[in-house]
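Letter by letter, the chains look like this.
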Amino acid sequence: MKSGRGLGLLLPAALLLLVAFVLPVGMLVPTSFRPYVPLVGITSGFTAGYYTRLVTDSYYLEIIGRTLALGLTVTLATLLIGYPLAYFLARTRSQWRNWLTLLVVFPLYLNLVVRTFGWIALLAQNGLVNQALQTLGVVNEPVKLLFNFAGLMIALTHIFLPFMVLVLIGPIQNIPRDVEDAARVLGASWGSTFLRVTLPLSMPGILSGSILVFVLTISALVTPRLLGGPTYQVMSTLIFDEFLQRLNWPAGSAAALLLTLMVLTLVFLSGILARRTGARA
Amino acid sequence: MSPAVSGAAPALRVSGLRKAFGAVVAVADVSLDAAPGEFLSLLGPSGCGKSTVLRMVAGLVEPDAGQIVLAGEDITRVPVHRRNLGLVFQSYALFPHMTVHDNVAFGLRRRGVGEAEGRPRVERMLELVRLGPLGARYPRELSGGQQQRVALARALVTEPRVLLLDEPLSNLDALLRDEMRVELKRLQERLGTTMIFVTHDQAEALILSDRVVVMEAGRVEQIGRPEEVYRRPATPFVARFLGRANFFAGTIAPIDARGVVIMVEGGLSVVAAPRPGLHPGQRVQVAIRQENIRLEPAGAGGAGNRFAAKVVFHAFAGQSHHYVVQLANGRELEVAAPGGSLPLARGAAVVAAWGPDDVVTLAEDAPGAGGAR
């Protein structure tokens, strides 16, 4: 039976998902409703207070908003930088193509912590970027690029760019050159061809690349922690601190579940969007 | 709408076109004219440069040298989207994210034709290619033949000065291909559009074309009406590429009253019709098409081009019988006889005969001599 064999092939992955994702996340659910009393620990009562605090307290709302804004800008930035690069790599007939692709992927081979420290060296008050800007006379005072939104955005964009490019190359390669040529022969200029043919046909890649980068950005921990310092928080660093600094597991669980819910909602919505655009492509 | 082969200014004139990709010369030197309303085929094996010529005319490939003149206007340096040509691809190249209607309307929109004026034009064109009710469908919901008709409608709706077709029928199965050939020819006669048709299929080129341009290795081997290139090939390549023939290498013996006598390998002498440019002692190739050889009962009398032979192979192919016969000197000939004739048994003794007019004599040492004529 065909479908039976298909299910058999899914089994290992399904088991892994169950043990490594569904069960641990599921176990967070009861924890997130327990009251935490300082110096005593988790008690056996019931409270929804950690959830209401997350969505009403301006401190937490700011962190959630910042996380989403970071996800959005990093996604947009990787898309703007990554699309032309992916288009070039997908279409070039250069003999250097494989080397260039390797160059795009290369940062992934370096340890994340090492790369992040590299960015600290570049973005610090007296770092390379500020020295260059001052030497060129662009600015008089050093620009603050660490422990704020700009620094996080620059570093995360760099770190997640390879993912965007790699995801985009395939779908762009799948657009037949003939289809673009047909548009041009029919009277469409280069720009018009791009807007009306190439871009719509790239949508599947743009969608999956954006989801990937967005999800990776809002759940990134190491880079926000090192470049944001102890005070400039995003959701992942907040969860980390609740669990390991304040030992408030219920608050951490609630924040973790909210982040998970946000990611799942996004994946679900993109699935609907993909089906709607993909149905026509 | 019969094409004016002479007189009127050509709809398209290509002269001295050349294109190299790195060290590979795809098109060495191609010149040709297409008269208004003419159906002109570029015929040749894959890699002969015919598609590159078409893409240069379309503006998708930039020529290294040469000139492309469209109805008197030099368009060699005009960008693709301003040439007002139509191009139909082998892969159809429809826009998968648009409906059939929007595909056909695409060219009109780019020319600033609005919905109100465009819609009836699109519908009329879809009607013409017999796709009237399918405007709301997406390309993936159509069969291959229907997709190719959408591509035709899309290219024709803007009333292009010349329609270029790049192997448009090659992806269709045999039956559908025959049907589309007829449809294409009717469409062309009805609209009077000049069409340049690229194909590697010699039967397709012969059936559809007013004139055929035979190409090989980036050069034009011969340009002529289908009967001309088939009956009087200018070069050995053309003779080999169009139809099946038996080839002999030989030398011209002194020319006498009977015609040209050619001494060919194996000690045979073949009589050919006189043709200018042949002189005694010249090395030539002789081609005799398989359908021009008659198989007669052994012993029948007559003079010239009659050779005793034995049937060594027979196969029936519907429209014709295929034979291989062996001459007394061991040389084998391929022969095609009408399918209605009585089959000859294997081993039967026959006489293979052909007329002097059926002998194609080709000078061996002048590959480009046939040129454009």
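Residues numbered from 1 in each chain as written. Chains lettered and ligands numbered in written order. Predicted model: local features only at pLDDT ≥ 70, side-chain atom pairs only at ≥ 80, totals over all residues.

1. Thoughts on the overall build of chain B
Here's step 1: On a plain count of helices and strands, chain B comes out with 8 helices and 20 strands.
Here's step 2: With the C-alpha coordinates aligned to their principal axes, the bounding extent of chain B is approximately 80 × 45 × 40 Å.
Here's step 3: In chain B, of all internal contacts separated by at least 6 residues, the share reaching a separation of at least 24 is 66%. (Helix = DSSP H or I, 4+ residues; strand = E, 2+ residues; numbered from the N terminus. Contact = placed C-beta atoms within 7 Å.)

2. Looking at the overall build of chain A
Here's step 1: Across its full length, chain A carries 12 helices and 2 strands.
Here's step 2: Ordered by position in the sequence, the α and β elements of chain A form the string α-β-β-α-α-α-α-α-α-α-α-α-α-α.
Here's step 3: C-alpha extents for chain A along the principal axes are approximately 75 × 70 × 35 Å.
Here's step 4: Relative to its 281 residues, chain A shows a buried fraction of 30%.
Here's step 5: A fraction of 70% describes how many contacts in chain A between residues 6 or more apart in sequence connect residues 24 or more apart. (Buried ≥ 20, exposed ≤ 12 C-beta atoms within 10 Å, placed from the backbone.)

3. What to know about the domain arrangement of chain B
Here's step 1: Here chain B is described as being made up of domain 1 (12-236) and domain 2 (244-363).
Here's step 2: The distance between the C-alpha centroids of domain 1 of chain B and domain 2 of chain B comes to 39 Å. (Domains from an automatic or database assignment.)

4. Some remarks on the confidence of the model for chain B
Where the model shows low pLDDT, its predicted coordinates should not be examined in detail.
Residue and element names in this part refer to chain B.
Here's step 1: Counting all residues, the mean pLDDT for chain B is 88, and 94% of those residues have values of 70 or more.
Here's step 2: Below pLDDT 50 for its whole length, residues 366-373 participates in 11 contacts with residues either more than four positions away or in separate chains.
Here's step 3: The ipTM, which scores confidence in the relative placement of chains, is 0.81 for this predicted complex, and the corresponding pTM is 0.82. (pLDDT = per-residue confidence, 0-100.)

5. Thoughts on the sheet that holds strand β13 (residues 268-272) of chain B
All names here are of chain B.
Here's step 1: Strands sit in the order β13-β12-β11-β14-β20 across an open sheet of 5 strands; the sheet is antiparallel. For this open sheet the edge positions go to β13 and β20 (359-363), each flanked by a neighbour on one side alone. Strand-to-strand twist of the sheet, defined as the mean angle between neighbouring strand axes without regard to direction, takes the value 40°.
Here's step 2: Pairing geometry for strand β12 (residues 260-264) and β13, over 5 bridges, is antiparallel. Bridging across to β13, V260 finds its partner in A272. (Pairing = 2+ DSSP bridges. Axes fitted to C-alpha atoms, helices over the stretch in contact; angles between N-to-C directions.)

6. Overview of unusual backbone geometry
Here's step 1: The phi angle at L39(A) is positive, at roughly 70°, despite the residue not being glycine.
Here's step 2: When you line up the elements, L39(A) lands in the loop between β1 (36-37) and β2 (41-42).
Here's step 3: On the neighbour-count criterion, L39(A) (4 C-beta atoms within 10 Å) is exposed.
Here's step 4: For A71(B), which is not glycine, the phi torsion reads 45° and is therefore positive.

7. Description of the interface of chain B and chain A
Here's step 1: Across the boundary between the two partners, chain B contributes 17 residues, which contact 17 residues of chain A.
Here's step 2: When residues in the side of chain B that touches chain A are grouped by element, the largest group, 3 residues, is from helix α2 (residues 100-110) of chain B.
Here's step 3: For the side of chain B that touches chain A, the per-class residue count stands at 11 nonpolar, 4 polar and 2 charged. (Nonpolar A, V, L, I, M, F, W, Y, C, P; charged D, E, K, R; others polar.)

8. What about the packing of α2(B) against helix α3 (residues 115-128) of chain B?
Residue and element names in this part refer to chain B.
Here's step 1: Two elements in contact, α2 and α3, have axes whose closest approach is 10 Å; the angle formed by their N-to-C orientations is 125°. By the angle class used here, α2 and α3 are oblique. Seen along the crossing, α2 lies across α3 with a hand that is right-handed. For the pair formed by α2 and α3, the contact residues are H101, V104, A105, L108 and R109 on the first element and G118, R121, V122, M125 and L126 on the second.
Here's step 2: In terms of residue class, the contact of α2 with α3 is built from 6 nonpolar, 2 polar and 2 charged. (Parallel < 35°, antiparallel > 145°, perpendicular 65-115°, else oblique. Left-handed = near helix turned anticlockwise from the far one by under 90°.)

9. Structural notes on the sheet that holds strand β17 (residues 320-327) of chain B
All names here are of chain B.
Here's step 1: With antiparallel pairing, the 5 strands of this open sheet are ordered in space as β15-β19-β16-β17-β18. If you trace the sheet from one side to the other, it starts and ends with β15 (294-297) and β18 (332-338), each paired once. On average, each strand axis in the sheet is tilted by 45° relative to the strand beside it, whichever way the strands run.
Here's step 2: Pairing geometry for β15 and strand β19 (residues 349-353), over 4 bridges, is antiparallel. Bridge assignment links P297 to a residue of β19, and that residue is V350.

10. Points about the environment of V215(A)
Residues and elements named next belong to chain A.
Here's step 1: Position of V215 among the secondary structure elements: in helix α9 (residues 190-218).
Here's step 2: On the neighbour-count criterion, V215 (19 C-beta atoms within 10 Å) is partly exposed.
Here's step 3: Between the C-alpha atom of V215 and that of T75, which follows or precedes it by 140 residues, the distance is 9.3 Å.
Here's step 4: Dropping the residues within four chain positions of it, V215 is found in contact with V263 and L266.

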